[in-house]
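# What the coordinates show
Each chain, letter by letter, is given below.
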2 protein chains.
Amino acid sequence: MLAVTGTRKARRATVHDVAAAAGVSRGTVNRVLNGGYVSVDARAAIEAAIAEVGYVPNRAASQLARQRSQAVGFLALEPHSLLLEDPNIGAIMLGANAVLSLADHQMVSLVIDSDRDMQRVGRYLSGGFVDGAIIVSARSHDPITRLIAEIGLPATFVGHPPDLARDIPFVGIDNIGSARAITERLIGTGRERIGMVAAALDRDSGADRLTGFKQALGDRFDPALVADVPLYDYAYGVKGMRALLDREPALDGVFAASDAVAAGALETLREAGRRVPEDVGLVGFDDSSWALRTQPPLSTVHQPARDIGRHAAELVLRQIAGDPVEPSLLLDSPVVWRQSA
Amino acid sequence: MLAVTGTRKARRATVHDVAAAAGVSRGTVNRVLNGGYVSVDARAAIEAAIAEVGYVPNRAASQLARQRSQAVGFLALEPHSLLLEDPNIGAIMLGANAVLSLADHQMVSLVIDSDRDMQRVGRYLSGGFVDGAIIVSARSHDPITRLIAEIGLPATFVGHPPDLARDIPFVGIDNIGSARAITERLIGTGRERIGMVAAALDRDSGADRLTGFKQALGDRFDPALVADVPLYDYAYGVKGMRALLDREPALDGVFAASDAVAAGALETLREAGRRVPEDVGLVGFDDSSWALRTQPPLSTVHQPARDIGRHAAELVLRQIAGDPVEPSLLLDSPVVWRQSA
DNA sequence: TTGTACGCGTTATCAG
DNA sequence: CTGATAACGCGTACAA
């Protein structure tokens, strides 16, 4: 049973049609559309006409004439697993969308899942389809970073400072300081042998969290107590924790590079017969929904993801408006103390 | 420390510039761009010129002239919590993007988070900015459903059949049949008192899963053994399971409406001192990452989310091409038997 | 206050 | 095979 659908190509009404129906010129129609002095009579007639012919503005034409699209791109360069499951990036999107929406800008989020995607998205951005972009988790050597800099598109980076393109603002948190802070609090609970499941050391956030951990420990830092895994991920949390336990069974404290990693670590500790927090204190990072889902709930670092999104959007809008912006913005990321340590 | 950035407005090169640089007319340039007969000399000169002036096509202009955008919208109408955490929708996006990408279409995903968003997205869709749309989880009374039907935009619904717009194709799974199948398998393990944590009964998927459950149980169905909660969510799984245990402590089998719900239920069962699967058999739905993360891993129904996305995209592309499409497509969703039942 | 005319960058048509 | 030229639908000076 087949049916042809979506074929009614009924040409959409244009300003021209509206003008004709209302008995005025196109210029006048435009004035009621985009604000301007119009007589009451004309306005009434035109509004009636608009409804009658079912006029809907053509954004492509508008964009071409106006040379801007009222749209902002949102790109996340995380690997799949994260894009699909990291609630942070969803929260960032929602925050960004909220402020863009208020400014009557359409946020269009573009997925990059292959080289081909990368090419196409590049053309999309360069093609004037967006007035600006928010780029999450890009690194200096990502092709997108160069592209953005080259075409001079108003943009804001989130999550990883683009050291290549110094004049593009960045918004994020102080990973080093927060990691140090939470490790110090862990030390404060009297733990003696503290290890870390570090993750994503090839990203700034991952490397920074390890740095903060080292700083907090100072002389007591022992490289043997660091297990590093490639991704912020539950499964890698399991793996990393196992490695750590193998190396140092007497471990009594663990800093996991993210809540997902911590959740995996928690499961492993439980399997190994260690009680949390009695035998081992465990802390995470992100304050994602993982943190509340585990038993006991995780002590962690709160990432103000929503605010990060909001600020990123604001920075982009300001650049579009031609206003000056500060080159980077670090938001507060307080330690949240729960029961896992 | 403030800096103005993103202000270099270097006018981008146009076909005109390329033509001038290559010493040919715009028509010829266009022919090398979009395929056509061009002499080798001309082609070489033009390609050199393109590289030289750094020409990038302007999509708005192209869209205006060609009357299509080579873009497809992706809308998810789930409540926040789901949008942020349901891995299924991410997988659907990735599947859809894969086939759109191959067809050189840009997938733009639009978030709808307020009435204002709804309005703006409506204008966006109506404005010719996309040639088609994939709509996840829309229901008949969602404004978007009417809009899509009205403007006759090639579209495909995913997850919930739009009974209002019968001529728009739908792709999904057979929720009733799958729910029945997994409940039957649960019965097959010898469980006597089987309950269900039903969720989202206001959505087709939620209602259908309950229907399947009833069908499987037949005469043995007992309304008292159904707890219903508003969302497919971990926290509601906890809540629903508690209600169920209160009503029937002798429960020995549970069908949770989704894996997230099942995970919450599992935690509750554990707290209540019930062993899974020894004392209580538990099954979920979705085969999301939740299913593998729990201890023991969940028996569940596999949702081919990626394939759903692929097919949805294909259906949209076919409509754009004016080809006939079948009105609806149900994909296989096999039962996956693991250790929780 | 209103109408007119031109430009935005591409694509498409039609002679040459 | 190539070069003019007219749309595409809207914004915006400028003139009325």
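Keep in mind that this is a model prediction, so the values were computed, not measured.

Definitions and limits used
Residues numbered from 1 in each chain as written. Chains lettered and ligands numbered in written order. Predicted model: local features only at pLDDT ≥ 70, side-chain atom pairs only at ≥ 80, totals over all residues. Heavy atoms only, no water. Contact = heavy atoms within 4.5 Å. Buried area = accessible area lost by both parts, 1.4 Å probe. Salt bridge = Lys/Arg side-chain N within 4 Å of Asp/Glu carboxyl O. Polar contact = N/O pair within 3.5 Å; in protein donor to acceptor, adjacent residues only side chain to side chain. Helix = DSSP H or I, 4+ residues; strand = E, 2+ residues; numbered from the N terminus. Buried < 20%, exposed > 50% of the residue type's maximum accessible area, 1.4 Å probe, protein only. Least-squares fit on C-alpha atoms with pLDDT ≥ 70 in both. Pairing = 2+ DSSP bridges. Axes fitted to C-alpha atoms, helices over the stretch in contact; angles between N-to-C directions. Parallel < 35°, antiparallel > 145°, perpendicular 65-115°, else oblique. Left-handed = near helix turned anticlockwise from the far one by under 90°. Nonpolar A, V, L, I, M, F, W, Y, C, P; charged D, E, K, R; others polar. Near = heavy atom within 4 Å.

Attention shifts here to the interface of chain B and chain A. At the interface, 66 residues of chain B touch 67 residues of chain A. Interface of chain B and chain A: buried area, both sides summed, is about 6,200 Å²; carbon and sulfur atoms make up 54% of it. Our enumeration of links across chain B and chain A arrives at four salt bridges. Put simply, D104 of chain A and R123 of chain B hold a salt bridge, and the shortest N to O gap is 3.3 Å. On inspection of chain B and its partner chain A, the count reaches 21 residue pairs in polar contact (both at pLDDT 80 or more).

With that settled, consider the pattern of salt bridges. Should their charged atoms come close, side chains of opposite charge can pair. According to the stated counting rule, one finds 24 salt bridges over all chains in the structure shown. Here R242 of chain B and E271 of chain B are joined by a salt bridge, their closest N and O atoms 3.6 Å apart. In this pair, R242 of chain B is assigned in helix α11 (residues 234-247) and E271 of chain B in helix α12 (residues 259-271), connecting sequence segments 29 residues apart. R242 of chain B sits in the partly exposed class, given a relative accessible area of 45%. E271 of chain B sits in the partly exposed class, given a relative accessible area of 48%. Linked through salt bridges whose partners overlap, the residues forming this network are D104 of chain A together with R116 and R123 of chain B.

Mapping chain B onto chain A leaves a residual RMSD of 0.1 Å; the transformation is a rotation of 180° accompanied by 0.0 Å of translation along its axis. Within this description, the copies of the chain are treated as partners about a two-fold rotation axis. Mapped onto chain A, 100% of the interface residues of chain B again fall at the interface, so both copies present the same surface.

A few words now on the sheet that holds strand β8 (residues 253-256) of chain A. Sheet strands associate in pairs through backbone hydrogen bonding, adopting either a parallel or an antiparallel arrangement. Residues and elements named next belong to chain A. Taken in spatial order, the four strands make up an open sheet running β7-β6-β8-β9, and their pairing is parallel. In this open sheet, the two strands that pair with only one neighbour each are β7 (226-229) and β9 (281-283). Averaged over all neighbouring strand pairs, the angle between strand axes comes to 15°, with direction disregarded. Two strands pair when backbone bridges link them, and strand β6 (residues 194-199) and β7 are joined in this way by four bridges, in the parallel orientation. Residue M196 lies in a different strand from β7, and its bridge partner there is V226. In the packing of helix α9 (residues 175-188) onto the sheet, the strands contacted are β6, β8 and β9, and the crossing angle to β8 comes to about 165°. The sheet contacts of helix α12 (residues 259-271) involve β6, β8 and β9, and relative to β9 the element is tilted by about 155°.

The next thing to look at is the sheet that holds strand β8 (residues 253-256) of chain B. Residue and element names in this part refer to chain B. Spatially, the four strands line up as an open sheet ordered β7-β6-β8-β9, and their pairing is parallel. Of all strands in the sheet, those bounded by a partner on one side alone are β7 (226-229) and β9 (281-283). Neighbour-to-neighbour, the strand axes of the sheet open up by a mean angle of 15°, direction not taken into account. Its contacts with the sheet put helix α9 (residues 175-188) on β6 (194-199), β8 and β9, and the angle it makes with β8 is roughly 165°. The strands touched by α11 within the sheet are β6, β7 and β8, with β7 carrying the most contacts at an inclination of about 155°.

What follows covers the packing of α11 of chain B against α12 of chain B. All names here are of chain B. The N-to-C vectors of α11 and α12 enclose an angle of 50°; their axes lie 7 Å apart at closest approach. Judged by the angle between their axes, α11 and α12 are oblique. As for how α11 packs across α12, the hand of that crossing is right-handed. Across from Y234, G237, V238, M241, R242 and L245 in α11, the residues of α12 making contact are A260, V261, A263, G264, A265, E267, T268, L269 and E271. Class assignment of the residues belonging to the contact of α11 with α12 gives a composition of nine nonpolar, three polar and three charged.

The local shell around DNA strand D holds 24 residues, among which V15 and Y55 of chain A together with T28, R31 and S39 of chain B are the closest. A share of 66% is what sugar and phosphate atoms reach among the atoms of DNA strand D within 4 Å of the protein. For DNA strand D, a phosphate oxygen lies 2.4 Å from a polar atom in the side chain of S39 of chain B. Those elements giving two or more residues to the surface near DNA strand D turn out to be α2 (26-34) and α4 (59-66) of chain A together with α2 (26-34) and α4 (59-66) of chain B. Tallying contributions element by element places α4 of chain A first for the surface near DNA strand D, with four residues. Residues that form the surface near DNA strand D fall into these classes: 11 nonpolar, nine polar and four charged.

What follows concerns the pairing of strand β5 (residues 170-173) of chain B. Residues and elements named next belong to chain B. Here β5 shows no split at all, with F170 and G172 on one side and V171 and I173 on the other all buried. Bridging between strand β4 (residues 155-158) and β5 involves two bridges; their strand directions are parallel. Within the sheet, the bridge partner assigned to F157 lies in β5 and is F170.

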